[in-house]
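Inside the fold
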Amino acid sequence: MISRACAHYEERETEELAFPRFASGLIGWVEENLNDRSFALSESRRDASGWPAREDLCVAHLQSAVASMISEIKGSRNLGARHNILKATEYIKEHYADEELSLPRVAAELGMSVAYLSRSFKEEMNINFVKYLVQTRLEKAAELLEQDTSPAVEIAYQVGFTDYSHFSRTFKKHFGLTPAEYRKSGFRHASH
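Residues numbered from 1 in each chain as written. Predicted model: local features only at pLDDT ≥ 70, side-chain atom pairs only at ≥ 80, totals over all residues. Heavy atoms only, no water.

Summing up its helical and strand segments, the protein has nine helices and zero strands in all. Ordering the α and β elements of the protein from the N terminus gives α-α-α-α-α-α-α-α-α. With 192 residues in all, the protein has 35% of them scored as buried. For the protein, the share of sequence-separated contacts (at least 6 apart) that also reach a separation of at least 24 residues comes to 55%. Working note: accessible area of the protein is about 11,800 Å², and carbon and sulfur atoms make up 51% of it. (Helix = DSSP H or I, 4+ residues; strand = E, 2+ residues; numbered from the N terminus. Buried < 20%, exposed > 50% of the residue type's maximum accessible area, 1.4 Å probe, protein only. Contact = heavy atoms within 4.5 Å. Areas by Shrake-Rupley, 256 points an atom, 1.4 Å probe, with all protein chains shown as cover.)

On to helix H8 (residues 164-175), then. The terminal C-alpha atoms of H8 lie 16 Å apart, and with 12 residues this matches the ideal 16 Å at 1.5 Å per residue to within 8%. Within H8, burial applies to Phe167, Ser168, Thr170, Phe171 and Phe175. Tucked inside the fold, the buried residues of H8 contact helix H6 (129-147), helix H7 (152-158) and helix H9 (179-185). Positive backbone phi, approximately 80°, marks Gly176, located one or two places after H8. (Expected span 1.5 Å × (residues − 1).)

Here we take up the pattern of salt bridges. Evaluated as defined, the whole model comprises two salt bridges. Between Asp98 and Arg105 there is a salt bridge; the shortest N-O distance is 2.3 Å. The class of Asp98 is partly exposed, set by a relative accessible area of 27%. The exposure class of Arg105 is partly exposed, given its relative accessible area of 23%. For Lys140, the salt bridge is made with Glu143, and the minimal N-O distance between the two is 3.5 Å. Here Lys140 pairs with Glu143, and both are found in helix H6, just three residues apart, close to one helical turn. On the basis of relative accessible area, Glu143 is assigned to the partly exposed category, the value being 28%. (Salt bridge = Lys/Arg side-chain N within 4 Å of Asp/Glu carboxyl O.)

For the rest of this paragraph, the subject is unusual backbone geometry. The backbone of Asn126 sits at a positive phi, close to 60°, despite the residue not being glycine. One can find Asn126 in the loop between helix H5 (114-125) and H6. Residue Asn126 is classed as exposed on the basis of its relative accessible area, which comes to 65%.

Glancing now at the nonpolar core. In terms of nonpolar packing, the biggest core is built from 30 residues, with Val106, Leu117, Phe121, Phe129, Val159, Phe167 and Phe171 touching the most fellow members. In terms of residue count, H6 provides more of this core than any other element does, eight residues in total. If you look at the next biggest cluster of nonpolar residues, it comprises 13 residues, including Ala5, Phe19, Leu26 and Ile27. (Core = buried A, V, L, I, M, F, W, Y, C linked by side-chain atoms within 4.5 Å.)

Turning to the packing of helix H4 (residues 103-110) against H5, a few remarks are in order. Each packed pair of helices is defined by two parameters, the angle between the axes and the distance between the axes. Orientation of H4 relative to H5, taken along the N-to-C sense of each, is 105°, at an axis distance of 9 Å. Classified by the interaxial angle, the pair formed by H4 and H5 is roughly perpendicular. Every residue of H5 that contacts H4 at Leu103, Pro104, Val106 and Ala107 is listed here: Val114, Leu117 and Ser118. Of the residues belonging to the contact of H4 with H5, the class tally is six nonpolar, one polar and no charged. (Axes fitted to C-alpha atoms, helices over the stretch in contact; angles between N-to-C directions. Parallel < 35°, antiparallel > 145°, perpendicular 65-115°, else oblique. Nonpolar A, V, L, I, M, F, W, Y, C, P; charged D, E, K, R; others polar.)

So, in C-alpha cells, the structure goes:
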C-alpha cells in the first residue's frame, strides 16, 4: 500500500505538495478513518514538521509510522479479545446453572459471532467453551457437595446438568471420585 501511494505521488507530483506533507496527509487520512471506526491511536503520527525533507528518508519514516500503527491496532485487537473472553467467562459464572447455556447463546448475548467467540475463547483460555462450562459446573457442584446436604442428584440439576448418570460419570472423571464418594471423603476440591 505504501509503495503504491508513493508511486501515485511521484506520478502526480506538483510543486505545491512536498512529499513530507503528502505523507503526513496520508497518515492523517488513516488516523481519521480509524477514528470513524471508534479506534483512537495512542499518539498521532501525522505531524508534518517531524518528517524528514529527503524523500527516501520520508518514505522510510512513512513505512515506520504505518508499521507502528498496525502493531498498535493488532495489540488492541488482542486486548479486545481478552476483554470479550473475560465478559464471556463472567456470563458463564453467572448463568452456569441454566441447562440451556450454550456457546451460541453467550455469543448472542455479547454480540459476537459463534465462530469468533469459539476461536477466541480457545486461544485465550487454552480450553474450549464446552469444557470450560462443564469444568465451571463441576467446580460449583464440588462446592455444593462440601457445603450442602442436598442429594447429589439435586446438586447436579442445580449446576445445569440434566442427566444425573452423565453428571456422575463426568464428576468422577474430573475428580477421581463419584459425587457420593467425594462427599463422604471430606475431600477438598482445591487440592485436585
